[in-house]
Amino acid sequence: MDQHLRLVHPLQATPPTGLDAVAGLVGGAVGAFLTTLVVGAIMVALAPDYTERTMARVRSDPLGSALYGLVSLVFVVLVTVVLVFTIIGIILAIPFALLAGLTWAVGAAVAFLAIAERLVGHEDGWTKPLVVAAALNGALALTGIGGFVAFAVGATGFGAILRDWLE
């Protein structure tokens, strides 16, 4: 029998290569860039006053907003898990998790906009801060370890939005 012939089970996982890791990082960076750009543009276009008010909250109390966001995220995960374990709760868990994810995306976009606005201002329009915010998030995601920083920024924005709704 030929030494080069190798049988592979169809469900057998192939070991990841370095190219797979790079593709994953690039894909994550592109997704982070586009999400921040699109969600930020929608927020600036549809709710500019709310966006600026939330950005001000992120800038004025970043630590409080980050802690609020982290505690709220733990609460969201726990509630979602508890709902999934109940038969009727599954119906509620899916929209609850989707709403939490959407709120996280909005919060992250607003928090990155707050950072970008500090860097470049928005006196001449929102295009430059939107691109800078998206580039920051994409660059952080591209580095891999920067994902932790992006997570902290997202938690800060998530917390700022929830504080606005709940306080």
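First, a word on what this report is: a plain description of the structure on this page. (Residues numbered from 1 in each chain as written. Predicted model: local features only at pLDDT ≥ 70, side-chain atom pairs only at ≥ 80, totals over all residues. Heavy atoms only, no water.)

This next bit is on the overall build of the protein. Counting its regular elements, the protein contains 6 helices and 0 strands. Ordering the α and β elements of the protein from the N terminus gives α-α-α-α-α-α. Put simply, the protein has 167 residues, and 34% of those count as buried. Considering only contacts within the protein whose residues lie at least 6 apart along the sequence, 75% involve residues at least 24 apart. (Helix = DSSP H or I, 4+ residues; strand = E, 2+ residues; numbered from the N terminus. Buried < 20%, exposed > 50% of the residue type's maximum accessible area, 1.4 Å probe, protein only. Contact = heavy atoms within 4.5 Å.)

For the structure shown, the criterion picks out 2 aromatic pairs. Aromatic pair Trp-104 and Phe-158: ring centres 5.2 Å apart, planes at 45°, arrangement tilted. Here the residue Trp-104 occupies a position in helix H4 (residues 89–120), and Phe-158 occupies one in helix H6 (residues 146–166), the gap between them amounting to 54 residues. In this structure, Trp-104 and Phe-158 share a single accessibility class: buried. Among the aromatic residues, those joined into a ring-pair cluster are Trp-104, Phe-151 and Phe-158. (Phe/Tyr/Trp six-rings, centres within 6.5 Å; stacked < 30°, edge-to-face > 60°.)

As a further point, take the environment of Trp-126. Topologically, Trp-126 is positioned in the loop between H4 and helix H5 (127–143). Along the backbone, Trp-126 and Ala-45 are 81 residues apart, and their C-alpha atoms lie at a distance of 9.4 Å. Discounting chain neighbours no more than four positions away, the residues touching Trp-126 are Val-44, Glu-52, Met-55 and Leu-113.

What follows deals with the pattern of salt bridges. A complete count under the given rule lists 4 salt bridges for this structure. In this structure, the salt-bridge partner of Arg-53 is Asp-164, at a minimum N-O distance of 3.3 Å. One end of the pair, Arg-53, is in helix H2 (residues 48–60); the other, Asp-164, is in helix H6, and 111 residues separate them in sequence. Overall, the relative accessible area of 45% leaves Arg-53 in the partly exposed class. For Asp-164, a relative accessible area of 23% puts it in the partly exposed group. (Salt bridge = Lys/Arg side-chain N within 4 Å of Asp/Glu carboxyl O.)

A separate point is the side chain of Ser-65. When you line up the elements, Ser-65 lands in helix H3 (residues 62–85). Residue contacts for Ser-65: discarding those within four places in its chain leaves Arg-57, Ala-155, Thr-156, Gly-159, Ala-160 and Arg-163.

Now for a nonpolar patch on the surface. A cluster of nonpolar side chains, Val-22, Leu-25, Val-26, Val-30, Leu-34 and Leu-142, forms an exposed patch at the surface whose accessible area comes to about 470 Å². Per element, the largest residue contribution to the nonpolar patch is 5 residues, and it comes from helix H1 (residues 18–46). As for its placement among the helices and strands, Leu-142 is situated in helix H5. (Patch = residues over 30% accessible without salt bridge, like charges linked within 9 Å, V, L, I, M, F, W, Y side chains within 5 Å. Areas by Shrake-Rupley, 256 points an atom, 1.4 Å probe, with all protein chains shown as cover.)

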